[in-house]
Amino acid sequence: MNNSKKKTLIYRIAAFLVIMAIAAVMFVIGRGHTVYFDNKSSDLVAEVPYKIEVRVDGKKVASLKKNERGMVDVMGQKLTMELVVTEEKNGEAVQMKVTQPLPYNMDGIILNVPAMLNGASQDQYISEFISVPSEADAAEEVVVTDDTAGLMDFGEESEASQG
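Keep in mind it's a predicted model, so treat the numbers as computed, not measured. (Residues numbered from 1 in each chain as written. Predicted model: local features only at pLDDT ≥ 70, side-chain atom pairs only at ≥ 80, totals over all residues. Heavy atoms only, no water.)

Focus: the overall build of the protein
Counting its secondary structure elements, the protein contains 5 helices and 8 strands. Of the regular secondary structure in the protein, the N- to C-terminal order runs α-β-β-β-β-β-β-β-α-α-β-α-α. The buried share among the 163 residues of the protein stands at 28%. When contacts within the protein are restricted to residue pairs at least 6 apart in sequence, long-range pairs at least 24 apart make up 60% of them. Carbon and sulfur atoms make up 54% of the accessible area of the protein, which amounts to about 12,000 Å² in all. (Helix = DSSP H or I, 4+ residues; strand = E, 2+ residues; numbered from the N terminus. Buried < 20%, exposed > 50% of the residue type's maximum accessible area, 1.4 Å probe, protein only. Contact = heavy atoms within 4.5 Å. Areas by Shrake-Rupley, 256 points an atom, 1.4 Å probe, with all protein chains shown as cover.)

Focus: the pattern of salt bridges
Under the counting rule described, the total for this entry stands at 2 salt bridges. A salt bridge links Arg69 to Asp38, with the shortest nitrogen-to-oxygen separation between them at 2.6 Å. Of this pair, Arg69 sits in strand E4 (residues 69-75) while Asp38 sits in strand E1 (residues 32-38), and the two are 31 residues apart along the sequence. Looking at Arg69, the relative accessible area reads 38%, which means it is partly exposed. Where Arg55 meets Glu53, a salt bridge forms, and the shortest distance between an N and an O atom there is 2.6 Å. Residue Arg55 is classed as partly exposed on the basis of its relative accessible area of 27%. (Salt bridge = Lys/Arg side-chain N within 4 Å of Asp/Glu carboxyl O.)

A word on the sheet that holds strand E6 (residues 93-101)
Overall, antiparallel pairing links the 4 strands, which are arranged E3-E2-E5-E6 in an open sheet. The open sheet has two edge strands with one neighbour each: strand E3 (59-65) and E6. Recorded for the sheet is a direction-independent mean angle of 25 degrees between the axes of neighbouring strands. Looking at chain direction, strand E2 (residues 51-56) and strand E5 (residues 78-86) are connected through 6 bridges and run antiparallel. For Lys51, the partnering residue across the bridge sits in E5 and is Thr86. (Pairing = 2+ DSSP bridges. Axes fitted to C-alpha atoms, helices over the stretch in contact; angles between N-to-C directions.)

Notes on the pairing of E4
Burial along E4 is one-sided: the face carrying Gly70, Val72 and Val74 is buried and the face carrying Arg69, Met71, Asp73 and Met75 is not. The sheet contact formed by E1 and E4 spans 7 bridges and is antiparallel. Residue Asp38 lies in a different strand from E4, and its bridge partner there is Arg69.

Purely geometric numbers; function is a separate question.
Structural data, given as structure tokens:
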């Protein structure tokens, strides 16, 4: 093996190792998620708190009254948040810190906070957010069923109707 082939091999091995190091760092850092916080009743929870305030990294990201939803974008595979829960109007607020692991396979995550606070299992209070297009968007969408429609019309109908 001559000297230039050795250099080429060394460069390729070094590039491979750098790419593997970047992949390892990205795996540890995690990916981005959009987390939606719900303060809604469910099969598990009949009564929801009057108000839930959600803080992530010291910033208030949501203030949820009954049947409201808030959201935050986070990086990584766990979400550490502070919850300030007020059970009833003019009641005393209880503050708690919660660390929630986030599923790898979901980009949009709905977190039902009352069910989480009542001790439900993770698969009961976490679900995937799936965007549904509005009826107006669906009505505006043009559906083409035949790609050749109008392409093979060479004015034959107009000639037949004249003669």
